[in-house]
Amino acid sequence: MTDPLLEVRNLRKYFFERDSFLDRLLGDDPVAVKAVDGLNFEIERGETLGLVGESGCGKSTAGETVLRLQEATEGKVYFDGSNVYEMDTTELQEFRRRAAIVFQDPFSSLDPRMTIGETVRQPLDVHDWPPGDDHDRSKRERRTERVRDLLNRVGLSGDQFDRYPHEFSGGQRQRIGIARALALNPDFVVLDEPTSALDVSVQAQILNLLDDLQSEFGLTYLLVSHDLSVIRHICDRVAVMYLGEIVEVGPSRSLFSDPQHPYTKALLESVPRVDVGERERDVDTLSGEVPSPRNPPTGCRFRTRCPSVIPPEDVDIEQDEFRTVQTVRDRIRNRDVDLSGTKEFLETDETDDLADRIVDTMLDLEEAALSEPHRSRVREALSVALEDEWEEAEKSLAAYESVCEDVTPALQERQDHRAACHLLDQPAGVEDTVTDSGFTPRQGDD
């Protein structure tokens, strides 16, 4: 088996807020926005790996960081055996020739002041292809011929060489972007949401074109997308991202037919299906908001929205109730209860009354119908928090501590692909609660 063309190891990309000279002068600590936080994957030669997840999970940042368009905070990227982040100027220029990108928005990724011929020819000029005297007439002719051939190959006409981007539709502009990416005959191309800005009628044409080009030129793709139908159409393998981390990776067919991670199952559940029972199908959408990458949850980052959080063995509690208690614990841990605002809103200063009314209204716990003794314990913890005794409030709910919040799950082998979920650590008989999605539920361990 040959070595992969691309290997990504422990890749991190943080953006820092409050990191200016004035902030440092005032003593403010920088705040890290963890866009990409420890990615590990590889791409074989000629393969298409799909990187999928919700908007804001770090997919595009990962693609740009792999190409060194963004400088990594930590980690290594090996391209054909060489570390991209240790390349000198000459090696980096060679890497730029062999790796390219197709950007998401064809309306903003093309310079409106340049003809499409100049746009596609620009990489040839920058990398001096073919090498020789720039004033050589045959050299200029070869570049022009190369551009016209590329335009023809992506479904445009070489006669459109002197036209400007505003004269083309969105799909045509994306074809121009693809031609530009292929100008230097690269080995590896990052496709950053290549069809998301296009009409549905045009998307299939672009995907088919990318598929044909891959076969013709032996290309290797990293396809970044939030569209599962696009991923399924073109990818050999799929890596699912959530909040800067990969939670599942495996062959496309296996991942779509038998997902292992609750987040992957939820994504697939949200895809409309063409069948008779679609109107009657109950879709269990994820509750809650995606946490901020400035302060991601401890342990499993998906636990704040997961329908299958694992409670402690000695706590008898339903899943909905347990997730509600977890919400309270997180808000207490993060000091996310506005004491003065709550008192003003509820028009009372009585601690006991405040605790009761917060349980009923401010935290929306009435929907979970907390049973005893869990309701009383939550009320007591909130009463302590309202006295500004946050640490004591945390301790009062320590019995509800879950492995999902203490331990970060690692990617582990599961059938023919890998997933990062503590449900896979559980003994036989522990069932995943997301079993009505139409996919095969996870079986117990052997």
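(A) Representation of the overall build of the protein chain within the structure. When its secondary structure is counted, the protein chain shows 16 helices and 12 strands. Looking at the 446 residues of the protein chain, the share that counts as buried comes to 48%. Long-range contacts, defined as pairs at least 24 residues apart, comprise 66% of the intrachain contacts of the protein chain with a sequence gap of at least 6. Surface exposure of the protein chain reaches about 22,200 Å², of which carbon and sulfur atoms provide 45%.

(B) Quick look at helix H3 (residues 89-98). Of all the residues in H3, the buried ones are Leu92, Phe95 and Arg98. Burial along H3 is one-sided: seen end-on, the buried residues are contained in an arc of 120°. Residues Thr89 and Thr90 are exposed on H3 and point more than 90 degrees away from its buried face. Where H3 is buried, its residues contact helix H2 (59-66), strand S4 (74-79), strand S6 (99-102) and strand S7 (188-192).

(C) Quick peek at the sheet that holds strand S1 (residues 6-17). Across the sheet, which stays open at both edges, the 4 strands sit in the order S2-S1-S4-S5 with antiparallel pairing between neighbours. Among the strands making up the open sheet, the edge pair consists of strand S2 (31-43) and strand S5 (82-83). Seen against the sheet, H2 touches S1, S2 and S4 and runs at an angle of roughly 115° to S1.

(D) Local environment of a negative patch on the surface. A cluster of acidic residues, Glu387, Asp388, Glu389 and Glu391, forms a negative patch at the surface. With respect to the helices and strands, the residue glutamate 387 is situated in the loop between helix H14 (374-386) and helix H15 (390-396).

(E) Spatial organisation of the nonpolar core. One finds Ile178, Val238, Val240, Ile332 and Leu382 to be the most contacted residues of the largest nonpolar core, which totals 79 residues. Per element, the largest residue contribution to this core is 6 residues, and it comes from helix H7 (residues 200-217). The residues contacting valine 238, other than those within four sequence positions of it, are Leu49, Gly50, Val52, Ile231, Glu248, Val249, Gly250, Ser252, Leu255 and Phe256.

(F) Fine view of empty space enclosed by the protein. Applying the stated criterion across every chain, the model contains 4 cavities of 30 Å³ or more. Estimates place the volume of the largest cavity at around 90 Å³.

(G) Expanded view of the pairing of S6. Here S6 shows a buried face lined by Ala99 and Ile101 and a second buried face lined by Ala100 and Val102. Examined bridge by bridge, S6 and S7 share 4 bridges and lie parallel to one another. Across the sheet, residue valine 102 finds its bridge partner in S7, namely leucine 191.

(H) Expanded view of the layout of surface pockets. In this structure, the second largest pocket occupies an estimated 450 Å³ of space. Lining the second largest pocket are 21 residues; nearest its centre among them are Ala99, Ala100, Ile101, Pro123 and Arg180. For the lining of the second largest pocket, the elements supplying multiple residues, two or more each, are H3, S6, helix H4 (116-126) and helix H6 (170-181). A class-by-class count of the residues in the lining of the second largest pocket yields 14 nonpolar, 4 polar and 3 charged.

(I) The packing of H4 against H6, seen in detail. Close contact between H4 and H6 brings their axes to 8 Å; oriented N to C, the two are set at 25°. Regarding the angle of H4 to H6, the classification is roughly parallel. Between H4 and H6 lies a crossing whose hand is right-handed. Of the residues in H6, those in contact with Ile116, Thr119, Val120 and Pro123 of H4 are Ile176, Ala179 and Arg180. Class assignment of the residues belonging to the contact of H4 with H6 gives a composition of 5 nonpolar, 1 polar and 1 charged.

(J) Seen up close, the confidence of the model for the protein chain. Confidence in the prediction of the protein chain, expressed as mean pLDDT, is 85, and 83% of residues score 70 or more. Confidence drops under pLDDT 50 across residues 429-446; counting only partners more than four residues distant or on other chains, this segment forms 38 contacts.

(K) The packing of helix H11 (residues 319-333) against H14, seen in detail. It is the contact of H11 with H14, at a shortest axis distance of 11 Å, that shows an interaxial angle of 10°. Accordingly, the angle class assigned to the pair H11 and H14 is roughly parallel. Contact with H11, carried on its side by Glu321, Val325, Val328 and Ile332, involves His374, Val378, Ala381 and Leu382 of H14 and no other residues of that element. Classifying every residue of the contact of H11 with H14 gives 6 nonpolar, 1 polar and 1 charged.

About the criteria used
- Residues numbered from 1 in each chain as written.
- Predicted model: local features only at pLDDT ≥ 70, side-chain atom pairs only at ≥ 80, totals over all residues.
- Heavy atoms only, no water.
- Helix = DSSP H or I, 4+ residues; strand = E, 2+ residues; numbered from the N terminus.
- Buried < 20%, exposed > 50% of the residue type's maximum accessible area, 1.4 Å probe, protein only.
- Contact = heavy atoms within 4.5 Å.
- Areas by Shrake-Rupley, 256 points an atom, 1.4 Å probe, with all protein chains shown as cover.
- Arc of directions from axis to C-beta.
- Pairing = 2+ DSSP bridges.
- Axes fitted to C-alpha atoms, helices over the stretch in contact; angles between N-to-C directions.
- Patch = residues over 30% accessible without salt bridge, like charges linked within 9 Å, V, L, I, M, F, W, Y side chains within 5 Å.
- Salt bridge = Lys/Arg side-chain N within 4 Å of Asp/Glu carboxyl O.
- Lys, Arg positive; Asp, Glu negative; His and termini not counted.
- Charge placed at Lys NZ, Arg CZ, Asp CG, Glu CD.
- Core = buried A, V, L, I, M, F, W, Y, C linked by side-chain atoms within 4.5 Å.
- 1 Å grid on protein atoms, 1.4 Å probe; cavity = no way out; pocket = protein on both sides within 12 Å on 5 of 7 lines; lining within 4 Å.
- Points joined across faces, edges and corners; volume = space filled by probe spheres on them.
- Nonpolar A, V, L, I, M, F, W, Y, C, P; charged D, E, K, R; others polar.
- Parallel < 35°, antiparallel > 145°, perpendicular 65-115°, else oblique.
- Left-handed = near helix turned anticlockwise from the far one by under 90°.
- pLDDT = per-residue confidence, 0-100.

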